[in-house]
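# Coordinate analysis (summary)
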Amino acid sequence: MSLNGSFLTEDQFTCSICLDVFTNPSSIPCGHSFCMACITTYWDGSQVFQCPLCKKTFQKRPDLQINRTLREITDQFKSMKGGGPVKDKKGKMMGHTNHNFMAELKKKLPKPLPKNVAALTGTAQSQAHSFPGLSTSTLYPTATNTMALSVPDHYGSSSLNHSPEHHHLHPHFPHMMPHSNNRRRFTLSGAASSQNVPLCEIHNRGILLYCKSDQMCICPECAIEDHNDHDTITIEAEWMETKFLLRDSEQDVRDMISERRRKIEEIRQTMTELEMAVERETSGTVCLFSALASAIERSQAELIEVMDNSRRSAEHQADAMIHQLEREIEELERREAALSDLATSEDHVHCVRSFSSLSTPPVTKDWTGVSLKKDLGTAAIYRSLAATVEKFQRDLRNILENGFPSPLLEASVAQTKPREKKMQDFALNVTLDSSTAHPRLILSEDLKSVWCGDRYNHVPDNPERFNRVVCVLGREAISHGKHYWEVEVNGKTDWDLGVARQSVNRKGKINYTPDNGFWFLSLRDKHNYAFRSEPCTNVEMKLRPHKIGIFVDYEKGEVSFYNVDSKVHIYSFHDIFTENLFPFFSPCTNKSGKNEMPLIISPVNME
């Protein structure tokens, strides 16, 4: 083996650990080479085996072997360092090892060269003038990265050797004419050895430039052919400009993460305060009822049930909000990690290509005005309880004067709840939309009742119709304001009631969750009440409802459910509505006659 020293530098044979010429060089799986003793010592006593240059980590310690070819080249290089002449295999003199190939190449260049042609020459001087900030080491990746660039194409490459405007260059370099079978290649050592410059798929040249006009990474040949009059700079210079924008994007993401973490703490603190409020009011309620337990036992049960439902409603809302915030934080942290990787990456082409998609923060919810609702919904029951106590005292004085009245207990308990009375003022005359009804559903003539039949009816399969879930929507669209309606569920073992978005999926299997546009209460197997949320929220009701009231406040994003008979609040959803809502009804299947009773939209009692 014989090498011409004009093409070699000591950097190419230097171990990056001991900074001396290789001694028994050994190559590791990532392709980098080190002295056998250096890399062995570097890994001794370590639990993680990384490449000292590229930091690639190996699962187990690589089995090191001496790279015999590289050792022979290194030994021959050492013998040539003295500056003596070198011969090839046939004994022909190859020149002097101290001969400066790049200087000779520069002397042979025709002067003056056109600017765009000079930008493609292999000399460090022409590159420095044509592309400011681009060093020789950047233009020529070294052999340590297993890459090499041909002598610039306009001196005889296949891509330009038939172009008339470049033929005048051939006489200066006869050994680079197209008829040469052995195309000469060379490498230079330097910073580019770790940059792994990719090649242009069209010209097989290193992608070293960035066209600001077309916003794309190009090679010098592309700059001449397609971007001659465009604003082009080196990728390294473009990346230095982009780094300033990257820092701003990183800071924006960090600020968004901090804001969401503060919001999580705020929600958790509010939830703690709400729990303490429930404990305080539950304890006070027990003391309040101790003297009147026999007369107001039903009111006490209702009050505890309302507070428990309010707590569970708030807890579900808090869990949902925290879950969404944590999802956004995970996405933002992934974006932050990606931006951090870009900031430290030396693959400038990848960085420039990836930054535009990573610099824009992901779509997230504005949490500025979002907070957890702390209202327990007990004010109306307390007012009713005060009226009950006052009437109880009046009835007690009447007993002392006139004897025992009948019935005293029923008269004292039958009180009108101010909150339900207020909701009744927003009564909505709901009717069923037959065009949305599942083929097995049967609707009454006045479109106020619905039940499930045994067989499918012959109805048009229009886009609005549900084809798998036995349900139907109301005709009345809710786009603003407050609305209230009541549905009789007496005698049924299964049903679903609530509201749905206009754009919900109506074909095939449906996931009934608020994220998919459904907010409703369900009954299964006669006793199991639940709200279809993520996760599902079970509800225990001591007083089984015969009539369900549904109240919607569109602007507040609230959907609430009530036991109309006992005038007790059951549960509330809280969300943000952006499109029309429609009343939702599902009588469920008839279960061989066990669930054949209809759902009936009943008039709202205004008393």
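Structure shown above.
Residues numbered from 1 in each chain as written. Predicted model: local features only at pLDDT ≥ 70, side-chain atom pairs only at ≥ 80, totals over all residues. Heavy atoms only, no water.

## Re the overall build of the chain
Summing up its helical and strand segments, the chain has 13 helices and 24 strands in all. By the burial criterion, 46% of the 607 residues in the chain qualify as buried. Considering only intrachain contacts with a sequence separation of at least 6, the fraction spanning at least 24 residues in the chain is 64%. Of the roughly 31900 Å² of accessible surface on the chain, a fraction of 51% belongs to carbon and sulfur atoms. (Helix = DSSP H or I, 4+ residues; strand = E, 2+ residues; numbered from the N terminus. Buried < 20%, exposed > 50% of the residue type's maximum accessible area, 1.4 Å probe, protein only. Contact = heavy atoms within 4.5 Å. Areas by Shrake-Rupley, 256 points an atom, 1.4 Å probe, with all protein chains shown as cover.)

## Section: the sheet that holds strand β19 (residues 537-539)
Reading across the sheet, the 6 strands line up as β14-β23-β16-β17-β18-β19 and stay open at both edges, with antiparallel pairing between neighbours. Edge positions in the sheet fall to β14 (472-473) and β19, since each has one partner strand and no second. When strand β16 (residues 495-501) meets strand β17 (residues 518-524), the two strands line up antiparallel, connected through 6 bridges. Each bridged residue has a counterpart across the sheet, and for Asp496 the counterpart in β17 is Ser522. (Pairing = 2+ DSSP bridges.)

## Quick look at the state of the cysteines
Under the criterion given, the structure shown has 0 disulfides. Cysteine Cys38 shares no disulfide, and the gap to the nearest cysteine sulfur, in Cys18, comes to 3.7 Å. Cys38 gets classed as buried once you look at its relative accessible area, which sits at 16%. Here Cys200 stays free of any disulfide, with the sulfur of Cys222 as its closest cysteine sulfur at 3.7 Å. (Disulfide = S-S within 2.5 Å.)

## Description of the nonpolar core
Grouped together as the largest cluster of nonpolar side chains are 38 residues, with contacts concentrated most on Trp485, Trp495, Ile548, Val559, Phe561, Ile570 and Phe585. Dropping the residues within four chain positions of it, Ile548 is found in contact with Trp485, Glu486, Val487, Val489, Trp495, Leu497, Leu521, Phe561, Tyr562, Val564 and Ile570. Counting residues in hydrophobic clusters, the runner-up holds 27 residues, among them Leu246, Ile322, Phe355 and Leu376. (Core = buried A, V, L, I, M, F, W, Y, C linked by side-chain atoms within 4.5 Å.)

## Let's talk about the environment of Lys492
Within the secondary structure layout, Lys492 lies in the loop between β15 (482-488) and β16. Each C-alpha atom of the pair Lys492 and Glu596 lies 7.2 Å from the other, and the pair is 104 residues apart in sequence. A distance of 2.7 Å separates the side chain of Lys492 from the backbone oxygen of Met597, its partner in a polar contact. (Polar contact = N/O pair within 3.5 Å; in protein donor to acceptor, adjacent residues only side chain to side chain.)

## Let's talk about the pairing of strand β24 (residues 599-602)
The side chains of a regular strand alternate, first on one face of the sheet and then on the other. With 2 bridges connecting them, strand β13 (residues 449-452) and β24 associate as antiparallel partners. Looking across to β24, one finds that Ser449 is bridged to Ile600. In this sheet, β24 lies alongside β15 in antiparallel orientation, the contact comprising 3 bridges. Across the sheet, the residue bridging to Glu488 is Ile600, located in β24.

## Looking at the packing of aromatic side chains
Tallied over the full model, the rule gives 18 aromatic pairs. When the ring of Phe518 is compared with that of Phe584, the centres are 5.8 Å apart and the planes differ by 80 degrees; the resulting orientation is edge-to-face. Here Phe518, found in strand β17, pairs with Phe584, found in strand β23 (residues 581-586); they are 66 residues apart in sequence, far enough to count as distant. Their ring planes at 25 degrees and their centres at 3.9 Å tell us that Phe531 and Tyr571 sit as a pair that is stacked. Taken together, the positions of Phe531 in strand β18 (residues 528-531) and Tyr571 in strand β22 (residues 568-574) put the pair 40 residues apart, joining distant regions of the chain. Both residues of the pair, Phe531 and Tyr571, belong to the buried class. Taken together, the ring pairs connect Tyr512, Phe518, Phe520 and Phe584 into an aromatic cluster. A cation over an aromatic ring shows up here: Arg247 above the ring of Phe244, its NZ or CZ 5.2 Å from the ring centre. (Phe/Tyr/Trp six-rings, centres within 6.5 Å; stacked < 30°, edge-to-face > 60°. Lys NZ or Arg CZ within 6 Å of the ring centre and 35° of its normal.)

## Looking at helix α10 (residues 348-359)
Taking 1.5 Å of rise per residue, the 12 residues of α10 would be expected to cover 16 Å, and the 16 Å separating its terminal C-alpha atoms lies within 8% of that figure. Inspection of α10 places His348, Val349, Cys351, Val352, Ser354, Phe355 and Leu358 among the buried residues, and these make up the whole buried set. (Expected span 1.5 Å × (residues − 1).)

## Focus: the sheet that holds β13
Strand order across the open sheet formed by 7 strands is β12-β13-β24-β15-β20-β21-β22, with antiparallel pairing between neighbours. Each having just a single partner strand, β12 (441-443) and β22 make up the two edges of the open sheet. In this sheet, neighbouring strand axes are inclined to one another by 20 degrees on average, regardless of whether the strands run parallel or antiparallel. (Axes fitted to C-alpha atoms, helices over the stretch in contact; angles between N-to-C directions.)

## Description of helix α2 (residues 68-80)
Taking 1.5 Å of rise per residue, 13 residues should cover 18 Å, and α2 covers 18 Å from first to last C-alpha, within 8% of that figure. Here α2 has its buried residues at Leu70, Ile73, Thr74, Gln76, Phe77 and Met80. For α2, the buried positions fall inside an angular range of 165 degrees around the axis, keeping them on one side. Away from its buried face by more than 90 degrees, α2 exposes Arg68 and Ser79. (Arc of directions from axis to C-beta.)

## With respect to the side chain of Arg335
Here Arg335 shows up in helix α9 (residues 297-344). The exposure class assigned to Arg335 is buried, which follows from its relative accessible area of 12%. Setting aside anything within four residues of it in sequence, one finds Arg335 in contact with Val253, Ser357, Leu358, Thr360, Pro361 and Pro362.

## Let's talk about the pattern of salt bridges
Within the structure shown, the criterion is met by 18 salt bridges. Among the ionic pairs, Glu336 bridges to Arg254, the shortest N-O distance being 3.4 Å. Here Glu336 is found in helix α9, whereas its partner Arg254 is found in helix α8 (residues 235-289), with 82 residues between them in sequence. The class for Arg254 is partly exposed, based on a relative accessible area of 33%. Shared partners join several salt bridges into a network, and the residues in it are Glu250, Arg254 and Glu336. (Salt bridge = Lys/Arg side-chain N within 4 Å of Asp/Glu carboxyl O.)

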